[in-house]
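Each chain is listed here by its residues.
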There are 2 protein chains.
Amino acid sequence: MEIIPLGTASAVPACGRHLASVALVVKGRIVLFDCGEGTQFQLRHAGLRHSRIVAVCITHLHGDHYFGLMGLLSSMALTRREAPLTLIGPQQLAEVLDAVPGARDGDMTFPINHVQLRSGFTHAEVYRSNDVSITARPVEHRTFSAGFRAQTPGTPGNLDVALARDLGANTYSQFQALKRGESVVTAAGRTIHAKEVVSASARACTFAYISDTRPCASGRELARNATLLWHEATFTHALQARAIQTGHSTAREAAEVAHDAKAERLLLGHFSARYPDPAVLEAEARQIFPNTEAARELVKYPVLHILETSLAEHLV
Amino acid sequence: MEIIPLGTASAVPACGRHLASVALVVKGRIVLFDCGEGTQFQLRHAGLRHSRIVAVCITHLHGDHYFGLMGLLSSMALTRREAPLTLIGPQQLAEVLDAVPGARDGDMTFPINHVQLRSGFTHAEVYRSNDVSITARPVEHRTFSAGFRAQTPGTPGNLDVALARDLGANTYSQFQALKRGESVVTAAGRTIHAKEVVSASARACTFAYISDTRPCASGRELARNATLLWHEATFTHALQARAIQTGHSTAREAAEVAHDAKAERLLLGHFSARYPDPAVLEAEARQIFPNTEAARELVKYPVLHILETSLAEHLV
């Protein structure tokens with residue numbers, strides 16, 4: 001599982017940054033979080049094919065978060081997509097698309113499964129496949145806005161049956177015990193430890209996408225123990241009053257959410273055009289939560305637990 | 001007057017090309033023809049500020065020609081534009097925008113003057129300022145589609161009064177006669193010819209924008225004697241059957257329109273993704289109409305009469 005930021009700007013494209021969108025790639029399939037104007041171009045720049053998108057999650061109906069959806073859907077139809085698409089967003093979204101020639105369900109060559117988040121919902125599972133499950137919760141913005149949490153199931157390690165046989169295991173109960181992580185003694189008296197014959201299990205990983213919002217309890221709930229947390233950080237804390245007024249978060253507040261939720265790693269996005277270099281936001285957040293980065297567009301960020309991330313970086 | 005192609009692709013962004021849009025710049029003000037997704041990004045890349053846009057002309061409601069309008073309007077509002085904007089397009093356009101949160105008239109900080117082209121109209125002046133007048137006519141596409149013709153008024157040459165005085169002219173009627181292009185004889189018997197003291201007059205220039213359409217009589221009318229004609233050329237003539245089926249033109253057909261209308265210069269756009277290099281379309285059109293180019297995005301094309309263009313190129 002990895003994410004690729006496609007847009008890190010807020011409101012208007014500026015400073016070379018694009019409008020809100022993050023691609024989550026799980027086993028070659030893509031879940032898109034937000035879809036600002038130009039997302040289909042950024043997908044191309046990232047080398048991601050829109051035919052691999054299985055679901056699109058829209059947080060809220062401010063233009064910078066969804067005006068790219070019409071063009072993306074239209075391009076899917078023009079390339080004769082047939083696979084169903086799950087479209088998750090505020091209740092009104094389906095109705096909006098239905099009013100836009102070229103983006104209507106009737107213009108599509110594939111079925112759209114609309115998952116509508118209604119005002120007053122508290123939490124819901126909005127998407128599930130063998131590889132990922134996504135839940136949504138309402139967050140606190142000027143308008144109805146939702147945050148998302150994507151989780152991969154942990155996978156048990158694989159037993160190398162041939163190796164276990166070579167070491168002397170030969171009964172069903174021995175194989176089962178090894179799979180459970182136990183040790184067994186063979187007929188010849190050899191002790192086989194599970195770690196000798198079972199590959200490391202993959203722990204469940206969680207990616208939380210929270211934008212746009214004030215820091216809030218449901219944000220912290222979405223971010224709980226997240227392997228990777230994406231949190232908007234529109235302003236520095238010096239502009240907290242403006243953040244409150246506009247329903248956004250400061251970098252320090254995003255870091256506090258990461259800290260309180262015991263997230264492993266924090267990526268900041270949704271930067272105001274007043275910060276040509278978001279390093280100032282990154283630096284502010286690191287004072288509270290050191291494992292923070294200001295997201296860079298088109299860079300691949302693995303969603304891996306800290307130890308595995310360190311190993312991966314070590315190998316690179 | 002010059003134009004800057006912002007997007008030359010048809011249907012989907014491909015081959016590094018963007019979606020339909022052309023900026024016409026007249027004395028620092030911009031008229032936009034079509035507004036595909038990403039137009040506001042391309043305006044930035046062209047160094048054009050959206051605050052300079054006075055009018056947007058939308059040919060028809062296929063997504064590749066108008067999905068960038070929502071984001072452009074939204075960015076105008078977010079940057080607190082106050083100047084009125086004239087928005088010209090199919091009747092349904094205002095209603096579509098009204099259904100899209102973030103792109104509604106009520107979301108704007110400035111007034112929009114909606115000029116609605118209704119099914120059955122034959123021609124109309126849709127915009128007029130001191131510097132340019134724009135007319136529209138219906139063309140022939142799968143859906144309602146309009147073409148546009150922008151014309152600058154010719155300007156009389158300027159009289160160099162000081163020089164005329166030095167040569168001996170000294171009465172109001174002499175100055176008026178020189179301005180009219182006549183010769184006068186001074187009290188001292190010197191004949192002053194107008195060309196000695198009056199700068200060359202600027203002839204009216206015409207830019208015609210025709211996309212999407214089959215070749216048609218109203219297209220030829222829009223293109224009549226055009227200084228610069230933009231005509232869609234989605235396909236080569238080998239695919240004429242497909243052009244007919246989809247309501248588009250081939251490069252040869254675009255050239256025939258330019259030839260029949262006695263246009264001075266032809267720019268081709270709206271290229272199908274099947275042509276990574278539109279040189280093939282350019283070559284085909286040149287067989288009929290030699291003064292043809294396949295438009296390149298972000299290049300400035302002056303709208304000048306052939307002689308003036310030659311001079312300008314000579315000076316460069």
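Refer to the structure above for everything that follows.
These lines cover the structure that appears in this document, whether it is placed above or below. As the structure is a computational prediction, the values presented were derived from the model and not from experiment. (Residues numbered from 1 in each chain as written. Chains lettered and ligands numbered in written order. Predicted model: local features only at pLDDT ≥ 70, side-chain atom pairs only at ≥ 80, totals over all residues. Heavy atoms only, no water.)

## Considering the interface of chain B and chain A
Quick reminder of the rule: Working rule for contacts: check all heavy atoms of both residues, and any pair within 4.5 Å makes them a contact. Here's the idea: put two parts together, see how much 1.4 Å probe accessible area each one loses, and the total over both is what we call buried area. For this analysis, a salt bridge means a side-chain nitrogen from Lys or Arg found within 4 Å of a carboxyl oxygen belonging to Asp or Glu. Polar contacts here mean pairs of N or O atoms no more than 3.5 Å apart (in protein, one a potential hydrogen donor and the other a potential acceptor; neighbouring residues in sequence count only if both atoms are side-chain atoms).
Listed by partner, the interface residues are 30 residues for chain B and 30 residues for chain A. Taking both sides of the interface into account, the surface hidden between chain B and chain A amounts to around 2,300 Å²; carbon and sulfur atoms contribute 64%. At the boundary of chain B with chain A, the tally comes to zero salt bridges. In this assembly, chain B and chain A are joined by eight residue pairs in polar contact (both at pLDDT 80 or more).

## What to know about unusual backbone geometry
All names here are of chain A. Short version of the rule: Here a strand is any run of E in DSSP of at least two residues, a helix any run of H or I of at least four, and the numbering for each starts at the N terminus.
For the bond running from S211 to D212, omega is 0 degrees, close enough to zero to count as cis. Residue position: D212 is located in the loop between strand 12 (206–210) and helix 8 (217–223). The backbone of K262 sits at a positive phi, close to 55 degrees, despite the residue not being glycine. Tracing the backbone shows K262 in the loop between helix 10 (251–260) and strand 14 (266–269).

## Thoughts on the packing of helix 10 (residues 251–260) of chain B against helix 11 (residues 279–286) of chain B
Residue and element names in this part refer to chain B. Definition in use: Angular values range over 0 to 180 degrees, each being the angle between N-to-C directions of two axes fitted as lines to C-alpha atoms, with helices fitted over their stretch in contact. Angle categories are assigned with fixed cut-offs, so that under 35 degrees is roughly parallel, over 145 is roughly antiparallel, 65 to 115 is roughly perpendicular, and the rest are oblique. Crossing handedness: left-handed means the near helix sits turned counterclockwise from the far one by under a right angle, and right-handed means the same turn made clockwise. When residues are grouped by polarity, Ala, Val, Leu, Ile, Met, Phe, Trp, Tyr, Cys and Pro land in nonpolar, Asp, Glu, Lys and Arg in charged, and all others, Gly among them, in polar.
At their nearest, the axes of helix 10 and helix 11 sit 8 Å apart, and the two run at 45 degrees to each other. It follows that helix 10 is oblique to helix 11 by the angle criterion. When you trace helix 10 past helix 11, the crossing you get is right-handed. Counted together, A251, R252 and A255 of helix 10 and L281, E284 and A285 of helix 11 form the full contact between these two elements. Looking at the contact of helix 10 with helix 11 residue by residue, the classes come out as four nonpolar, no polar and two charged.

## Quick look at a negative patch on the surface
To keep things clear, this is the line we draw: Patch construction takes residues with relative accessible area above 30% that form no salt bridge. Like charges are linked within 9 Å, and nonpolar side chains (Val, Leu, Ile, Met, Phe, Trp, Tyr) are linked within 5 Å. Only the protein chains shown count as cover for residues, and the accessible areas themselves come from Shrake-Rupley with a 1.4 Å probe. Working convention for charge: Lys and Arg count positive, Asp and Glu count negative, and His plus the chain ends are omitted. In plain terms, the charge of a residue is placed at NZ if it is Lys, CZ if Arg, CG if Asp and CD if Glu.
On the surface, a cluster of negative charge is contributed by E95, D98, D105 and D107 of chain A. Locating D98 of chain A in the fold gives a position in helix 4 (residues 92–98).

## Considerations on helix 10 of chain B
Residue and element names in this part refer to chain B. Our working rule: Burial status follows relative accessibility: with a 1.4 Å probe on protein chains alone, a residue under 20% of its type maximum counts as buried, one over 50% as exposed, and anything between as partly exposed.
Looking at helix 10, one finds that the buried residues are A251, E253, A254, A255, V257 and A258. Of the surrounding elements, those touching the buried residues of helix 10 are helix 8 (217–223), strand 13 (228–232), helix 9 (240–246), strand 14 (266–269) and helix 11. Backbone geometry just downstream of helix 10 places K262 in the positive-phi region, at approximately 55 degrees.

## Regarding the pairing of strand 9 (residues 146–151) of chain A
Residue and element names in this part refer to chain A. Heads up, the rule is: Pairing between strands is defined by DSSP: at least two bridges between them are needed.
Burial analysis of strand 9 places five of its six residues in the buried class, the great majority of the element. Relative to strand 9, strand 8 (residues 133–138) runs antiparallel, the two being bridged by six bridges. When the sheet's bridge partners are listed, I134 is paired in strand 9 with A150. Pairing of strand 9 with strand 12, which is carried by four bridges, proceeds in the antiparallel orientation. Each residue of the ladder has a partner; that of Q151, found in strand 12, is T206.

## As for helix 3 (residues 69–78) of chain B
Residue and element names in this part refer to chain B. Counted residue by residue, helix 3 has nine buried out of ten residues, so it is predominantly covered. Within helix 3, burial applies to L69, M70, G71, L72, L73, S74, S75, M76 and A77. Phi turns positive, to about 60 degrees, at R80, one or two residues after helix 3.

## Section: the sheet that holds strand 3 (residues 29–33) of chain A
All names here are of chain A. With mixed pairing, the seven strands of this open sheet are ordered in space as 6-5-4-3-2-1-16. Each edge of the sheet is formed by a strand with only one pairing partner; in this case those strands are strand 6 (112–117) and strand 16 (301–302). Pairing geometry for strand 1 (residues 2–7) and strand 2 (residues 21–26), over five bridges, is antiparallel. Bridged to E2 within strand 2 is V25.

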